[in-house]
Amino acid sequence: RFVLVDKVDFLQWIGTAAAFFLVTILVYTFLPGSVVVENPTMRLPSRRASGGWGRGGTEAVLPRGLGGLENGEGLTFEPTRLRDKWARERSQDAQSVAELGRPVKRVGARKPRLALVFGDLSPDAMQLQMISVASVLEAMGYEMKVFSFEDGPCSSIWSTIGIPVEILPVDTKLLTSMDWLDYDGMLVNSIEARPVFSSLLQEPFKSVPVIWTVHETSLAHCIREYKSSGMTQILGGWQEVFSRANVIVFPNYILPVMYAAFDSGNYFVIPGSPAPAFQADRFIAKNYDKDVRISLSLGPRDFVIAMVGSQFSYDGLLMEEALVLQAVGPLLQQYPSENSTQTELKVRILTGNQTDKHRIALEAIALNVGFSRGAVEHVAVEDTDNLLAIANLVIYCSCLDEQSFPSVLVEAMILEKLVIAPDLGMITKYIDDGINGLLFPRKNIAMLSQVLLQVVSNGELSDLGKNIASVGKARAKDLMASEAIEGYAVLLENVIKFPSETLTPLTAGEIPLPLKQEWKWHLFEDVKHLYNVNESLADCKMLKKMDWHRNRKNDPHSITPKIDETFSAIAWKEERANRIMSAKMKLEEEYLKERSDQPRGTWEEVYRNVKRVDRMKNELHERDEKELERTGQPLCIYEPFYGEGTWPFLHQSSLYRGIGLSSKGRRFGADDIDASSRLPLLNSGYYRDILGEFGAFFALANRIDRIHKNSWIGFQSWRVTARKVE
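The structure presented is a predicted model; accordingly, all values stated were derived computationally and were not measured.

A. Local environment of the overall build of the chain. Along its length, the chain carries 27 helices and 19 strands. Within the chain, the fraction of its 726 residues that count as buried is 48%. Sequence separation of at least 24 residues holds for 73% of the intrachain contacts in the chain that already meet a minimum separation of 6.

B. Molecular detail of the nonpolar core. Of all hydrophobic cores here, the largest spans 81 residues; its most connected members are Leu116, Leu137, Trp158, Phe405, Leu409, Ile427 and Leu491. The element contributing the most residues to this core is helix H3 (residues 125–140), with 10 residues. Per-domain counts for this core show at least three residues from each of domain 1 (80–85 + 107–273 + 483–550) and domain 2 (276–477). When near neighbours in sequence (up to four residues on either side) are disregarded, Leu409 contacts Val308, Val394, Tyr396, Val419, Ala421 and Ile427. The next biggest cluster of nonpolar side chains, apart from the first, holds 54 residues, and it includes Val196, Leu201, Ile254 and Phe649.

C. Representation of helix H6 (residues 218–228) in the model. Residues of H6 that are buried: Ser218, Leu219, Ala220, Cys222, Ile223 and Tyr226. Phi turns positive one or two residues past the end of H6, at Gly230, with a value near 75°.

D. A look at the state of the cysteines. Per the stated rule, a full pass over the model turns up zero disulfides. Cys399 provides the cysteine sulfur closest to Cys397, a residue in no disulfide bond, and the two sulfurs are 8.2 Å apart. Here Cys397 falls in the buried class, since its relative accessible area comes to 3%.

E. Quick look at the packing of aromatic side chains. Applying the stated criterion across every chain, the model contains 24 aromatic pairs. Aromatic pair Phe242 and Phe262: ring centres 5.1 Å apart, planes at 45°, arrangement tilted. Here the residue Phe242 occupies a position in helix H7 (residues 232–244), and Phe262 occupies one in the loop between helix H8 (255–258) and strand E7 (267–269), the gap between them amounting to 20 residues. Residue class for Phe242 comes out buried when judged on its relative accessible area of 0%. Taken together, a centroid distance of 6.2 Å and an interplanar angle of 35° make the contact between Phe303 and Tyr335 tilted. Taken together, the positions of Phe303 in strand E8 (residues 303–308) and Tyr335 in the loop between helix H11 (317–328) and strand E9 (345–351) put the pair 32 residues apart, joining distant regions of the chain. Accessibility assignment for this pair places Phe303 and Tyr335 in one class, buried. The ring of Trp521 has Lys477 sitting right over it, with the charged end atom 5.0 Å from the ring centre.

F. Geometry of the pairing of strand E2 (residues 143–148). Where strand E1 (residues 113–118) meets E2, six bridges bridge the pair, whose relative direction is parallel. Pairing of Arg113 across the sheet is with Glu143, part of E2. At this point the chain moves from E1, through H3, to the parallel E2, and the crossover so formed is right-handed. For the crossover that starts at E2, traverses helix H4 (residues 154–160) and ends in the parallel strand E3 (residues 165–167), the hand is right-handed.

G. Quick peek at unusual backbone geometry. The omega torsion of the bond from Glu203 to Pro204 falls at 5°, within 30 degrees of zero and hence cis. For Pro204, the location among the structural elements is in the loop between helix H5 (197–200) and strand E5 (210–213). Look at Glu416: it is not a glycine, yet its phi comes out positive at around 60°. Inspection of the secondary structure puts Glu416 in the loop between helix H14 (407–414) and strand E12 (418–422). Residue classification places Glu416 among the partly exposed positions, given a relative accessible area of 38%. Here Met480, not a glycine, exhibits a phi torsion of approximately 70°, which is positive. Along the chain, Met480 falls in the loop between helix H17 (463–476) and helix H18 (481–495). Overall, Met480 belongs to the buried group, its relative accessible area being 8%.

H. Representation of the sheet that holds E5 in the model. Pairing is parallel across the open sheet formed by seven strands, whose spatial order is E3-E2-E1-E4-E5-E6-E7. Edge positions in the sheet fall to E3 and E7, since each of these pairs with one other strand and no more. Mean inter-strand twist for the sheet, computed between neighbouring axes without regard to direction, equals 25°. By the bridge criterion, three bridges tie E5 to strand E6 (residues 247–250) in an arrangement that is parallel.

I. Just the packing of H11 against helix H16 (residues 448–455), in detail. In contact at an axis separation of 8 Å, H11 and H16 are set at 45° when each is read in the N-to-C sense. The orientation of H11 with respect to H16, classified from their angle, is oblique. As H11 runs across H16, the sense of the crossing is right-handed. Here Val324, Ala327 and Val328 of H11 lie close against H16, whose contacting residues are Leu448, Ser449 and Leu452. When grouped by side-chain class, the residues that make up the contact of H11 with H16 number five nonpolar, one polar and no charged.

J. Geometry of the sheet that holds E9. Strand order across the open sheet formed by six strands is E10-E9-E8-E11-E12-E13, with parallel pairing between neighbours. Whereas interior strands pair on both sides, the edge strands pair on one side only; in this sheet they are strand E10 (376–380) and strand E13 (438–440). Adjacent strand axes in the sheet meet at a mean angle of 25°, parallel and antiparallel pairs treated alike. Of the pairings in the sheet, the one linking E12 to E13 comprises three bridges and is parallel in character. Bridge assignment links Ala421 to a residue of E13, and that residue is Leu439.

K. Here's a closer look at the environment of Ala322. Locating Ala322 in the fold gives a position in helix H11. Ala322 has contacts with Leu362 and Ile365, leaving out every residue within four places of it along the chain.

L. Inspection of a nonpolar patch on the surface at higher detail. Nonpolar side chains collect at one region of the surface, where Leu681, Tyr686, Tyr687 and Ile690 lie side by side and expose about 440 Å² of accessible area between them. For Ile690, a relative accessible area of 57% corresponds to the exposed category.

M. Quick look at the pattern of salt bridges. Evaluated as defined, the whole model comprises 14 salt bridges. Across the salt bridge formed by Glu78 and Arg83, the nearest N and O atoms sit 2.7 Å from each other. Linking Arg667 and Asp672 is a salt bridge whose minimum nitrogen-to-oxygen distance equals 2.6 Å. Judged by relative accessible area, which is 14%, Arg667 ranks as buried.

N. Quick look at the environment of Asp179. Within the secondary structure, Asp179 sits in the loop between E3 and strand E4 (185–189). If sequence neighbours within four positions are ignored, Asp179 has contacts with Phe205, Trp718, Arg719 and Ala722. From its side chain, Asp179 meets the backbone nitrogen of Leu181 in a polar contact 3.1 Å long.

O. Representation of the pairing of E9 within the structure. With seven of seven residues buried, E9 is to be regarded as a mostly interior element. The alternating pattern of E9 places Leu345, Val347, Ile349 and Thr351 on one face and Lys346, Arg348 and Leu350 on the opposite face, and all of these are buried. Pairing analysis gives five bridges linking E8 to E9, with the strands arranged parallel. Bridging across to E9, Met307 finds its partner in Ile349. Of the pairings in the sheet, the one linking E9 to E10 comprises five bridges and is parallel in character. Counterpart to Val347 in the pairing with E10 is Val376.

Rules of the game
- Residues numbered from 1 in each chain as written.
- Predicted model: local features only at pLDDT ≥ 70, side-chain atom pairs only at ≥ 80, totals over all residues.
- Heavy atoms only, no water.
- Helix = DSSP H or I, 4+ residues; strand = E, 2+ residues; numbered from the N terminus.
- Buried < 20%, exposed > 50% of the residue type's maximum accessible area, 1.4 Å probe, protein only.
- Contact = heavy atoms within 4.5 Å.
- Core = buried A, V, L, I, M, F, W, Y, C linked by side-chain atoms within 4.5 Å.
- Domains from an automatic or database assignment.
- Disulfide = S-S within 2.5 Å.
- Phe/Tyr/Trp six-rings, centres within 6.5 Å; stacked < 30°, edge-to-face > 60°.
- Lys NZ or Arg CZ within 6 Å of the ring centre and 35° of its normal.
- Pairing = 2+ DSSP bridges.
- Right-handed = clockwise from strand over helix to strand, strands pointing away.
- Axes fitted to C-alpha atoms, helices over the stretch in contact; angles between N-to-C directions.
- Parallel < 35°, antiparallel > 145°, perpendicular 65-115°, else oblique.
- Left-handed = near helix turned anticlockwise from the far one by under 90°.
- Nonpolar A, V, L, I, M, F, W, Y, C, P; charged D, E, K, R; others polar.
- Patch = residues over 30% accessible without salt bridge, like charges linked within 9 Å, V, L, I, M, F, W, Y side chains within 5 Å.
- Areas by Shrake-Rupley, 256 points an atom, 1.4 Å probe, with all protein chains shown as cover.
- Salt bridge = Lys/Arg side-chain N within 4 Å of Asp/Glu carboxyl O.
- Polar contact = N/O pair within 3.5 Å; in protein donor to acceptor, adjacent residues only side chain to side chain.

Written as structure tokens, this is what we have:
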């Protein structure tokens, strides 16, 4: 009997366990965080593994809409390669000073010079940020000049703070515009300023330090289109430009992942931007409330709770949204009526990678909590501004520990919305609980119900909640301004190696605190209403123009693209078909030419042709036209140059003759002298840099009678022409 009872109990235990596992499987099917992940995670190539993505691995998080993340908690971005490089350079400098045995004193004669390059001078968040940064850099001892391809309202602002502005011409080649060697470093801003790299990719401008700030997402969204259309030339061009910059700066940690295809180990993040404030000002200036509520299926008296979260997709996102909805549930008791004429509680969830399973599961959860059908809906990322503008309070429902304060919360606070968020490290750094926002423990989301009941009373936001939102608005306008401004100062210290003739600027730690605490909003009061509301659309149009022209460029000897042509829209497939047809026709013509009989000529003609070719190959022989023009001239002026970047600054008349310091980068069809063939010492980059233009003098002095036939000789640097001083 005892054995039989034990056997029955054992069978009962087996049945109970089977029922438990069956229920678990069903729940996991309809309520998993992993349903968000439908695309595989993106892995950075192994050559960029040292960049610091992840905990010892190379796995990266993808933004919503670009993929999913298996396990994203604690994932961080660290510019390991850049920091190792800077540490190594500091160690070498310290070792050099130690070998001298005495401290090195710098006696400078001029301030360090910086060039700031923009695509245009329209009043946007980038202009506000860089004007604020430039004001601090000027106080630190830097001398700056602004260059732009288009004029705009911000030109007067730059002049107000004492920084000159020069508009780069768009109807000539860019290389004829500036001698970038005059500057110790360059701050290039936005992808619209890409044309300036046409000269920076050529010698002698390759050595100029370049910090390129990229804040647009339009190019990242075009990468897939370029790959699918087979536009390898365009992708290769962007890859080359991204690799040329010493540092690529992003304002958040999303963009480095979106631009991972162009990563060469030079990515750096300086969080903080006034962009959310600009977005908020647009809604404050214009009243969109009525139209927005209609578009989001909301009534004029509905109490709206906006649920926002991380821009990354990760495992557990649906579970967090479900727990937050459950915590919001007790507020339904304050809205007993479902009559449309009365105030109702509505929840709108901001999402960027919604799946059908996600939507169905969340609807079931909302109904189970007690919400009526349609009270809980998802809102696309494109409507972020609209949702924040009409929301009564904003709940940050993501518990993913990120590295910077979410920009969506900054915009919500500027719009004077009450922000409630979990007590994550990057949030508690800027939100004081009960002062400019409210916090709830991330390990106990159920406590959110008590927090909500404190600030929502009788279906409306309480006075406490309104006061907290008001304080949050006052603090959010300049949130993270200090970190951003100081970040650029630190970056310049690490990237730029100042020559001995420059004065030493102040360090980032010596910046007075009042200078870096806020953006220069007062300078934009008269022009910020001109902010382009269709900025992203304008970026896409600009990219199509720029890349279309680059794709059409056929001249292999052209070193700079002309940007003054009119661009037209055309189907990419048609263009590719035309190219294939042209290549086939050219190939057929070559075949026909090879098959046709070619006149051989006499032996005397063949001999003369061979001798003519030998004379053309002889690099020390002048061309016949130049030789005739120089006959009778008492003077010949030689212009030493190095690299393709100097070509536009060299004279074309017979009075001048170029002398190249390297066999590479010589002008096509010109009778320039190759200095390295006359002085082999110049083949070494070390001696070429040490001697500079004096190397050309020594090379010319070596058996000068074979080259110089005139009575007088002169020398002029190409930089004289670049400075427009004849």
